[in-house]
Every structure is written in C-alpha cells, then in structure tokens.
Amino acid sequence: MSSVSNTRVPLIAPEEISLEDKKENEFGQLTSVEFLVAPKSRGGAPLRDPILDAPPYYVSVITYLNYLILIILGHIHDFFGLKFPKDKHSEIMERDGYAPWFSKFESFFVRRMKKRIDDCFSRPTTGVPGRFIRCVDRVAHQLNDFFTYPGSTSMCLNLSSYNYLGFAQSEGQCTDAALEAVHKYGIYSNGPRAQTGTIDLHLEAEQYIATFIGKPDVIIFSMGYGCNANLFSSFLDSKCLVISDELNHTSIRTGVRLSGAAVRKFKHNDMKALEQLIREQIVQGQPKSHRPWKKILICVEGLYSMEGTMCNLPKLVELKNRYKCYLFVDEAHSIGAIGPRGRGVCDYFGIDPSEVDILMGTLTKSFGAAGGYIGADKWIVERLRLDLTTNNYAEPSPAPVLAQIISSLRTITGEICPGQGQERLQRIAFNSRYLRLALQRLGFIVYGIADSPVIPMLLYAPSKMPAFSRMMLQRKIAVVVVAYPATPLDESRVRFCVSAALIKEDIDYLLRHVNEVGEKLFLKVSSGKAGGSMDGKPPRWDIEEVIKQTPKDCKDDKYFLI
C-alpha cells in the first residue's frame, strides 16, 4: 500500500464549502509557533560562493540521448508527414502560391516537443490562488491539438503561484479595502483627478511604497513587464553601456534593447568576472571612437525566479562605488518575501537602499495586486514622469488594485492587524527552509539559497518533466515545470513556489508524494555536497525521519549555505 494513502488533503465540494472552510482553503491556520522562522539580516556580509550539486554522468548522457531521439523521430515524422497526410502539416507547407505560415526548422521545437506536453502548461484555474487552487479539468485530444472541458474542477494544493505572503484572499482586510475602493471610486479612476488619470490613491500608494523600500520617491506602473520594457529608454542611449547578469529576465533584456545602449553580459553572480568586465570596458570605451561611456549601468535581479539564487548585493555595491557605475536591481520576486521586515534584498543584506540607484519591483507577487514600481531619488522619478511611455500611454492602476497594495503594505508593517505581517514573513521563511532541506535530505538536487520562496528541483530528462507534472496533478498538487528555452537544455526542473498560506502539514503531504513520484522516476541523484548531508555522503533519509527531524533543523543555519 502507498505510504501516502492516508495523508490525502481533505477536499470539499464547492457547494459544501462554508465561510470557515473557504478561509482555511485560502490561508491555512498556523498549527504551532514551532513552525515559524524569524528571518535575519546578514549585516552587510556578502554571500558565499555557491556549491552546485551536479548529477552523475549517466543522467546527463540520458538527458541528451532523450533529446536526440526526440529530434530524430520528429524529423522522420515531418518527412513522411509532408509526403502523405499533408492536411496535418498545412501550416509549414506552401499552398495555393502562398508561403507557409511557419518555417519547418524554426517551428520544429514547438511542434514536435512543446506541443506534446502542452497539457502541463497554462492550466486554466478559477477562484483565488491561495493555499489551494481550483484547476479546471480538461481532456487533451490528438496529442494536445485541442482540449475539451467536461465542466468539472479539481481542488489542488497550490505550489504554483507567486502568492508569497498569502494576500490573494477573497476574505480579509485587503479584500475589504479593495471593495471599499470600488464603492468610493468605481472600478476605474473616477476620482476628482480622473481627467489626468491620477487619483489620491495613486499618490498614497506611491508614498507607502517609497517609505517601505526606503527610497525618496516612487512611480507606479499598471504592468510590471512594461515597467522594465520601457524604463531604460528614458535615461540610456547608444553612448551608454549596460552590464547585465546572463540570467536577467526578458523584460530587462527587452528594455535595454529598445534603449539602443550597448550590452555586455557576465556569468551569473560571478563577481570576479563582473569586475574584470567593468575594467575592460572602462579602458576600451565606446566602439570605434573609444571615448568614455556616458553611463555604465549594472543590471541584476534581487532574486532569480528560475534558479532561486540571490544577487550578491554587498559585492555589487562595492564594485559600483569603486568604478563609479550605476546599479539597477529588479526586486520582482524579493520584495515582500525576503528580509527580516520583508523589504527585499537591501533588508536581507542590511544595506542602505540609497546605495542602489534604481530599485524596481512588482506588486503582483507578495502583495497580491498588479503592476510594478520604480524607486529612486526624486529627480530621477520626476524625469521618468515626464517621458516614460508606459505611464503616458497606458491605463493607470485602478482603485481596487491600489487599495490592495496599500492594505497589504500596512499589514506587513503592522499598521493594521498587528503581528499578522510578521507572522506571514516567519511562515514563509519556515516553509521555504523546510521544503528545501527536506528535498535535499530525500536525495533530490535543489538549487537556490536557503530563504528563497522559489525552490527549483532538477528533473533533467525531458520525458520526466511531463511525467512529474501529470503525476502530481493526479495527486491533487499543482506545480510548475520549466524547460528549455527558459532553462539550459539539460536542466529541466519543477519550481515549487512556497507561500505563507501553506501550513506545515501541507508540506508534509507534498513531501510524501514527491518522495513517491521521485522514486518512480529515478530523480534522487544528489551527491549530498550542496546540502542535506552533514558528512558529504549522498542523502537518502526515510520520509518519516525527514518529516520528524527537518522542522527542528530549519532554525539552524549550519544546515544551509549562508
């Protein structure tokens, strides 16, 4: 009998859910103060060099062989498909004198690989993405060519949403504030300053965010991606240089390209490579003319959502000051979820926010709202208000969203619901550490730092990615799987997105099923050198031992790479 047969999360039919059940499904009740970890500041200390756990050689060989077989079979299928059942390949064939819609070569990966596992992506959901998430059931036909919907839903344990602090709730102070804003302002900006697109809530939200992140001024955007994609054009041109971490988000890359600035990238979090690159560029100057660069801007992310790693802010500030560069930090995933007060990487490292020239963040994740912000000195923000296309041509953030932002910030700081904000920060710190250390002790390879709420677990072989996703969905657990081109070809993974809405028993339930699925798919290939084993030997703890012992060890830094 399966070891998890008696540990299923109790599911309730929608018509039977009471108000109390609804609250519990969205945000779990803390069962013990032992399951809290108080986040600590590093006091300016830089990060240690990471220890990466590599799989055995046979895992890498099998991974590449998987891709090779898929590519060979895909090309054979294309060859015969273009000769016989041509109606199934019309999009890559010339027809009636018209060119094909897609190039056969360029669309090969999408047609022959991604489409085969499309049922693992973009699963429709309904309701609030809290502790549980309600997935709309669907049936795939003809290798995911299309889906049908029987009209039913499945309640799943939610490890797939960026609801870090659990503010995505249909009940509570944030929802009450949003509803009050709807009654006062309407759904759109119908306030006394509606003719300019600005209402008092915009100004209030900007002031709250500025105080929270420790910057003199802030400008709010209605879309986080658009914030980065249009920001750099306002203060960069072809005579400026951007030095970018190789794993920066595509929104940063898009924005830098649109600005026309020159770009140089450095290996992820490699401070020696970064310093060498800065020195080379200062010496060489601009191409052709070799004149000094007008500006040199270092671009990094606070927390990298694919890796679970964090920028080495103390070293970055040191290099920025030494070589007179500017520093831009994208805190999309770190603001609200990292640091003793939830105020992001500056709070986590104990660094004055004035040392970072531009702090960008999104309001969709930890705050359960929408949009993004830029925090900087007042003169920079005032310049952005004048010529930043995102704000000039886009719709402003609606009143309910602004009310959600303000309410969540006031909860984190303790201005309303005293103690609740601190509890949420301590719950996500415990949940992140517990899940990470438990997975390592079970023998899985896990990336990232101890306090990251995004926990990538490596799957490697492409066939194991859809298998893991489907097997977890059968067990009523919603997870996110990621592969090439979002990751290196041989490093497909599942990303567990931890939330303060989860309780310890939820993670126990998850671990039992991950342990069972991991054994069936042969995913336990850790060497033990990166964590989970104090003697450096491959960890293979029993699941019951992990669940019993690991929560006690979460408060001890010796079990983590700190």
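In the annotation of an unreviewed UniProt entry, the chain is listed under the name serine C-palmitoyltransferase and assigned to Eremothecium cymbalariae. Quoted verbatim from the Cofactor (unreviewed entry) field of the UniProt record, the comment on the chain reads "pyridoxal 5'-phosphate".

S.K.: Break down the domain arrangement of the chain for me, citing the residues and quoting the values.
M.R.: Assigned domains within the chain: domain 1 (19–54 + 122–158 + 420–559) and domain 2 (173–413). With 28 residues of domain 1 at the contact, the number on the domain 2 side is 25 residues. Summed over both sides, the interface between domain 1 and domain 2 buries roughly 2100 Å², with carbon and sulfur atoms accounting for 59% of that surface. Together, Leu47, Leu425 and Ile449 form the three largest contributors to the area buried by domain 1 at its contact with domain 2, with a combined 24%. For the pair domain 1 and domain 2, the number of links is one salt bridge. Salt-bridge contacts for Arg493 lead to Glu307; the nearest nitrogen and oxygen are separated by 3.1 Å. Taken together, the connections running from domain 1 to domain 2 amount to twelve residue pairs in polar contact (both at pLDDT 80 or more). Where the side of domain 1 that touches domain 2 is concerned, the elements lending two or more residues are helix H14 (420–442), strand E13 (454–460) and strand E16 (492–497). With six residues, H14 is the single largest residue contributor to the side of domain 1 that touches domain 2. Classifying every residue of the side of domain 1 that touches domain 2 by side-chain character gives 13 nonpolar, nine polar and six charged.

S.K.: How would you sum up unusual backbone geometry? Please name residues and give values.
M.R.: Residue Tyr484 is joined to Pro485 through a cis peptide bond whose omega torsion reads 10°. Along the polypeptide, Pro485 turns up in the loop between strand E15 (480–482) and E16. The backbone of Leu143 shows a phi angle near 55°, a positive value even though the residue is not glycine. Within the fold, Leu143 resides in the loop between strand E3 (139–141) and strand E4 (146–148). The exposed category is assigned to Leu143, whose relative accessible area is 54%.

S.K.: Now, about helix H16 (residues 504–520): what can you tell me, with residues and values included?
M.R.: With 17 residues, H16 should reach 24 Å at 1.5 Å per residue; the first-to-last C-alpha distance of 25 Å fits that figure. Across the 17 residues of H16, 14 count as buried, placing the element largely inside the fold.

S.K.: Describe in detail the side chain of Arg427, supporting the description with residues and values.
M.R.: Considering the arrangement of structural elements, one finds Arg427 in helix H14. When its relative accessible area of 2% is taken as the criterion, Arg427 is described as buried. Reaching out from Arg427, the side chain makes a polar contact with the backbone oxygen of Ala500 at a distance of 3.0 Å. Reaching out from Arg427, the side chain makes a polar contact with the backbone oxygen of Leu502 at a distance of 3.2 Å.

S.K.: Outline the sheet that holds strand E14 (residues 477–478), listing residues and values.
M.R.: Sheet architecture is open: four strands sit in the order E1-E2-E5-E14, paired in mixed fashion. The open sheet has two edge strands, strand E1 (125–126) and E14, and neither has a second partner. Of the pairings in the sheet, the one linking strand E5 (residues 153–158) to E14 comprises two bridges and is parallel in character. Looking at E14, one finds that Leu157 is bridged to Ile477.

S.K.: Describe in detail the sheet that holds E16, supporting the description with residues and values.
M.R.: Ordered in space as E13-E16-E15, the three strands form an open sheet in which the pairing is antiparallel. Because the sheet does not close on itself, it has two edges, and the strands there are E13 and E15. Averaged over all neighbouring strand pairs, the angle between strand axes comes to 25°, with direction disregarded. Pairing analysis gives six bridges linking E13 to E16, with the strands arranged antiparallel. If you follow Leu458 over to E16, its bridge partner there is Arg493. Along the sheet, helix H15 (residues 464–474) makes contact with E13, E15 and E16, crossing E13 at roughly 125°.

Thresholds, definitions, all that
Residues numbered from 1 in each chain as written. Predicted model: local features only at pLDDT ≥ 70, side-chain atom pairs only at ≥ 80, totals over all residues. Heavy atoms only, no water. UniProt positions renumbered as here; feature names shortened; annotations may be inferred. Domains from an automatic or database assignment. Contact = heavy atoms within 4.5 Å. Buried area = accessible area lost by both parts, 1.4 Å probe. Salt bridge = Lys/Arg side-chain N within 4 Å of Asp/Glu carboxyl O. Polar contact = N/O pair within 3.5 Å; in protein donor to acceptor, adjacent residues only side chain to side chain. Helix = DSSP H or I, 4+ residues; strand = E, 2+ residues; numbered from the N terminus. Nonpolar A, V, L, I, M, F, W, Y, C, P; charged D, E, K, R; others polar. Buried < 20%, exposed > 50% of the residue type's maximum accessible area, 1.4 Å probe, protein only. Expected span 1.5 Å × (residues − 1). Pairing = 2+ DSSP bridges. Axes fitted to C-alpha atoms, helices over the stretch in contact; angles between N-to-C directions.

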